[in-house]
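A look at the structure
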Amino acid sequence: MQVTGSQFTLETALAGSDFSTFPDFPAEIRAPTGTTFGVSAFQIHFGGADVMTPGDAVDVLVAMNPAALTVEVNDLKVGGTVIVDTDAFNERNLKKAGYTKNPLEDDSLARYQVLKFDITKLTADAVKPHGLSSREAHLCRNMWALGLLLWMYGHERTATIEWLNRKFAKKPVIAAANIAALNAGHAFGETAEMTEHMVGYVVPKAAVQAGRYRTVSGTEGLAWGLVAGLRAAGIEKMVFAGYPITPASALLHTLANLRAYGVVTFQAEDEIAASGAALGASYAGALGVTSSSGPGIALKTEMLGLAIATELPLVVIDSQRAGPSTGMPTKAEQSDLFQAVHGRNADAPLAVLAPTSTADCFDIAIEAVRLATKYMTPVIVLSDGYLAHAAEPWLIPREAELPRFPVTYRTDPEGFHPFLRDPETLARPWVKPGTPQLEHRIGGLERDYDSGHISYDPDNHARMTKARADKIAGIANDIPLQQVSLGDDHGKLAVVGWGSTFGALHRAVQITRDEGRDVAHIHVRYLSPFPRNLGDLLKRYDRVIVPEMNNGQLVKLLRAEYLIPAEPFGKVTGKPFRVTEIAQAIRMNS
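Residues numbered from 1 in each chain as written. Predicted model: local features only at pLDDT ≥ 70, side-chain atom pairs only at ≥ 80, totals over all residues. Heavy atoms only, no water.

Within the chain, the secondary structure is distributed over 21 helices and 18 strands. For 590 residues, the compact-globule estimate of 2.2 N^0.38 gives 25 Å, and the C-alpha radius of gyration of the chain, at 26 Å, lies within 12% of that figure. Sequence separation of 24 or more characterises 74% of the internal contacts of the chain that already satisfy a separation of 6 or more. Carbon and sulfur atoms make up 52% of the accessible area of the chain, which totals about 26,100 Å². (Helix = DSSP H or I, 4+ residues; strand = E, 2+ residues; numbered from the N terminus. Rg over C-alpha atoms; globule rule 2.2 N^0.38 Å. Contact = heavy atoms within 4.5 Å. Areas by Shrake-Rupley, 256 points an atom, 1.4 Å probe, with all protein chains shown as cover.)

Residue Thr 246 is joined to Pro 247 through a cis peptide bond whose omega torsion reads 0°. Structurally, Pro 247 can be placed in the loop between strand E7 (238-242) and helix H10 (249-255). Looking along the chain, the bond that leaves Ser 528 and enters Pro 529 is cis, with omega of -5°. With respect to the helices and strands, Pro 529 occurs in the loop between strand E16 (526-528) and helix H19 (534-538).

The next subject is the pattern of salt bridges. For the structure shown, the criterion picks out 22 salt bridges. The salt bridge involving Asp 59 is made with Lys 77; its shortest N-O contact spans 3.0 Å. With a gap of 18 residues between them, Asp 59 in strand E3 (residues 58-63) and Lys 77 in strand E4 (residues 76-85) connect regions that are remote in the sequence. With a relative accessible area of 45%, Asp 59 lands in the partly exposed category. Lys 77 gets classed as partly exposed once you look at its relative accessible area, which sits at 36%. Ionic contacts of the salt-bridge type, sharing partners, join the residues Glu 367, Arg 370, Lys 374 and Asp 478 into one network. (Salt bridge = Lys/Arg side-chain N within 4 Å of Asp/Glu carboxyl O. Buried < 20%, exposed > 50% of the residue type's maximum accessible area, 1.4 Å probe, protein only.)

Taken as a whole, this structure holds four cavities of 30 Å³ or more when the rule is applied. Along its surface, the largest cavity is lined by Phe 22, Pro 23, Asp 24, Phe 25, Thr 330, Lys 331, Ala 332, Gly 385, Tyr 386, His 389 and Gly 574. Every element with two or more residues in the lining of the largest cavity is listed here: strand E1 (18-24) and helix H16 (385-389). Grouping the amino acids of the lining of the largest cavity by side-chain chemistry returns five nonpolar, four polar and two charged. Quantified by volume, the second largest cavity comes out at close to 50 Å³. Forming the walls of the second largest cavity are Gly 218, Thr 219, Leu 222, Pro 247, Ala 248, Leu 251, Ser 291, Ile 317, Ser 319, Ser 383 and Ala 388. Elements with a contribution of two residues or more to the lining of the second largest cavity: helix H9 (218-233) and strand E10 (314-320). In terms of residues, the lining of the second largest cavity owes the most to one element, H9, which gives three residues. (1 Å grid on protein atoms, 1.4 Å probe; cavity = no way out; pocket = protein on both sides within 12 Å on 5 of 7 lines; lining within 4 Å. Points joined across faces, edges and corners; volume = space filled by probe spheres on them. Nonpolar A, V, L, I, M, F, W, Y, C, P; charged D, E, K, R; others polar.)

Quick look at helix H21 (residues 579-589) now. An α-helical turn contains 3.6 residues, so a residue and the one three or four places further along point in the same direction. Within the span of H21, buried status applies to Val 579, Ile 582, Ala 583, Ala 585, Ile 586 and Asn 589. Across the axial projection of H21, the buried residues extend over an arc of 160°, all falling on one side. Elements in contact with the buried residues of H21: strand E14 (491-498), helix H18 (502-514), strand E15 (519-524), strand E17 (541-548) and strand E18 (567-570). (Arc of directions from axis to C-beta.)

A separate point is the pairing of E18. Taken together, the four bridges between E17 and E18 define a ladder with parallel strand orientation. What sits directly across from Ile 545, in E18, is Glu 567. (Pairing = 2+ DSSP bridges.)

As a packed pair, helix H4 (residues 119-127) and helix H8 (residues 172-191) sit with axes 8 Å apart at the nearest point and diverge in direction by 125°. Judged by the inter-axis angle, H4 sits oblique to H8. Helix-helix and strand crossings are classified by hand; for H4 and H8 the assignment is right-handed. Where H4 approaches H8, its residues Leu 122, Thr 123, Ala 126 and Val 127 are matched on the opposing element by Ala 177, Ala 180, Ala 181, Ala 184 and Phe 188. Residue classes in the contact of H4 with H8 are distributed as eight nonpolar, one polar and no charged. (Axes fitted to C-alpha atoms, helices over the stretch in contact; angles between N-to-C directions. Parallel < 35°, antiparallel > 145°, perpendicular 65-115°, else oblique. Left-handed = near helix turned anticlockwise from the far one by under 90°.)

What follows is about the sheet that holds E17. Spatial strand order, E15-E14-E17-E18: four strands in an open sheet with parallel pairing. Looking at which strands have only one partner, the edges of the open sheet turn out to be E15 and E18. Between one strand axis and the next, the sheet turns by 25° as a mean value, whatever way the strands run. The strands touched by H18 within the sheet are E14, E15 and E17, with E15 carrying the most contacts at an inclination of about 165°.

In this structure, Ala 184 sits in helix H8. For Ala 184, a relative accessible area of 22% translates into the label partly exposed.

Another point: the sheet that holds E3. On the basis of which strands lie adjacent, the open sheet formed by three strands has the order E3-E4-E5 and parallel pairing. Single-partner strands in this sheet number two, and they are E3 and strand E5 (113-117). On average, each strand axis in the sheet is tilted by 15° relative to the strand beside it, whichever way the strands run. Bridging between E3 and E4 involves five bridges; their strand directions are parallel. Residue pairing for E4: Val 62 is matched across the bridge by Ile 83.

This brings us to the side chain of Gln 320. Tracing the backbone through its elements, the reader meets Gln 320 in strand E10. Note on Gln 320: relative accessible area 0%, which makes it buried.

Looking now at the nonpolar core. By size, the foremost hydrophobic cluster in this structure holds 96 residues, and its most contacted members are Val 315, Leu 382, Val 496, Leu 527, Phe 530, Leu 554 and Leu 558. Here this core takes 10 residues from helix H15 (residues 360-375), the largest share from any one element. Residues within four places of Leu 527 in sequence aside, it is in contact with Leu 337, Val 341, Val 352, Ala 354, Leu 382, Trp 498 and Leu 554. (Core = buried A, V, L, I, M, F, W, Y, C linked by side-chain atoms within 4.5 Å.)

All told, the structure shown has 12 aromatic pairs when counted by the stated rule. With a centroid separation of 5.6 Å and an interplanar angle of 65°, the aromatic rings of Phe 8 and Phe 46 are classed as edge-to-face. Taken together, the residues span a long stretch of sequence, with Phe 8 in helix H1 (residues 2-14) and Phe 46 in strand E2 (residues 41-47) at a distance of 38 residues. No difference in accessibility class separates Phe 8 from Phe 46, as the two residues are buried. A centroid spacing of 5.1 Å and a plane angle of 75° characterise the contact between Phe 117 and Phe 188, whose relative ring orientation is edge-to-face. With Phe 117 in strand E5 and Phe 188 in helix H8, this pair connects stretches of sequence that are 71 residues apart. We classify Phe 117 as buried; its relative accessible area is 11%. Members of the aromatic cluster, each reached through a chain of ring pairs, are Phe 8, Phe 46, Tyr 153 and Tyr 201. When the ring centre of Phe 168 is taken as origin, the NZ or CZ atom of Lys 167, which lies over that ring, is 5.7 Å away. The positively charged end of Lys 432 is found above the aromatic ring belonging to Tyr 409, 4.4 Å away from the centroid. (Phe/Tyr/Trp six-rings, centres within 6.5 Å; stacked < 30°, edge-to-face > 60°. Lys NZ or Arg CZ within 6 Å of the ring centre and 35° of its normal.)

Honestly, that's just the spatial picture; any functional story needs more than this.
Here it is as structure tokens:
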């Protein structure tokens, strides 16, 4: 279903629609077919207007078996269309899905327009000339369903046919069979005497800025942004060291294909080794990058403390997921904010950023590299499981428009010591090992402020602790002032969010402002330190609510920092906010 959804997305993009996707799949590698916890779903919201979310209730649901129906039908609009494969609704599958009777034969689906097709038989008939086994023919059902949906929305099949030929280049019979199934589904929509509910739709092209676009996931955006940051900094190599963990593993897979651009990837034996390898690369003068998700970030904590003590640049990508512990590996949350900002022993501040969308992942990765290298500090980027896999159109930037911030390695031995600070940034010099006359040692033990030697002096420790804190706090002078995403910079209510909630919050504020409500949307990309004007901005509103996919973390940070009576609005279901949920919260608070 993920492949099917991805191909529908590609054809949607080529048709000129704006879109946003939501892949939703089980944690098990091979979850039992036909069970509710094994359902893999792919949702796409597309149209001619600015699409900012994967949509709330869906208009059309394609349910390939009873389990898919029972899991997803509650997200279908009343009056919406559900397309089912009748062959899959047999006694065995109904029992596995928890049905005591067939929902296609009673009135349990009366609220919807139900279109019943024997997709399995229609697919088998379409691929019969290619001599496939029964199992192989069954695997082509998704292509038949895709063909039908492409017909329904007036999309082409060319890109999908080309993709099938490439994917099965060594198995031309399989490619031909899948293409036959795709064409058969499309032809069925064109030629069958359909009911009034099975009609074609014309979706207008979206009005977008001129330029070259491509579909991008958050993972791809982060990977390419890191490479762009590497180029912007003028650093020769990036060493990405990681350990497999859902949903962060995709970043390692993506970067492994970019070795031609100076990327070295290393799969370590565990999370601690991965972060240690990345930190060692930074010590050697490369850009060290590592990534993980919640449990893995917890394991990296000790090495993050070492990075802060040694004051070396390190970029850490955290693709957050539902926890605690193993939790729900494929479901998204924003519950690592406390861990990112405060989750280390002692006073150990670092910079924390969060992208607002899959396209913004590119820009935030570049910014993470800039801050890490300029301020000689670890930077944590808080993505999440939704952003990692979701996709949207991305305007490919021109290379000449990308930022440049070349780093300088210390080579002059005159007056050198390893913690001699830049008076503006408080960053220490970056020295490549082996630079003549700049031999030095660093480590986790405290350093003398004036010489860089190991020191146990209590007053010196207090001075160094303050210097490290002042360095991170000073980043606030080098980042943009907080802007209001939508609405006025004062008023009755501010809706404050961070990370992947941007689209749902923005759309909900649009809707409620159109109703005449005095509400504004503020989205925070810089979470440590906060933009220097954020406190003054929030105090201009009578009320502040903070929707976030956790039990209330940003809201507590804002209360502690600015002493404002911000109110929490949390969601911890593993799924993104719906626009209607935010809009209802706004109505109740305004």
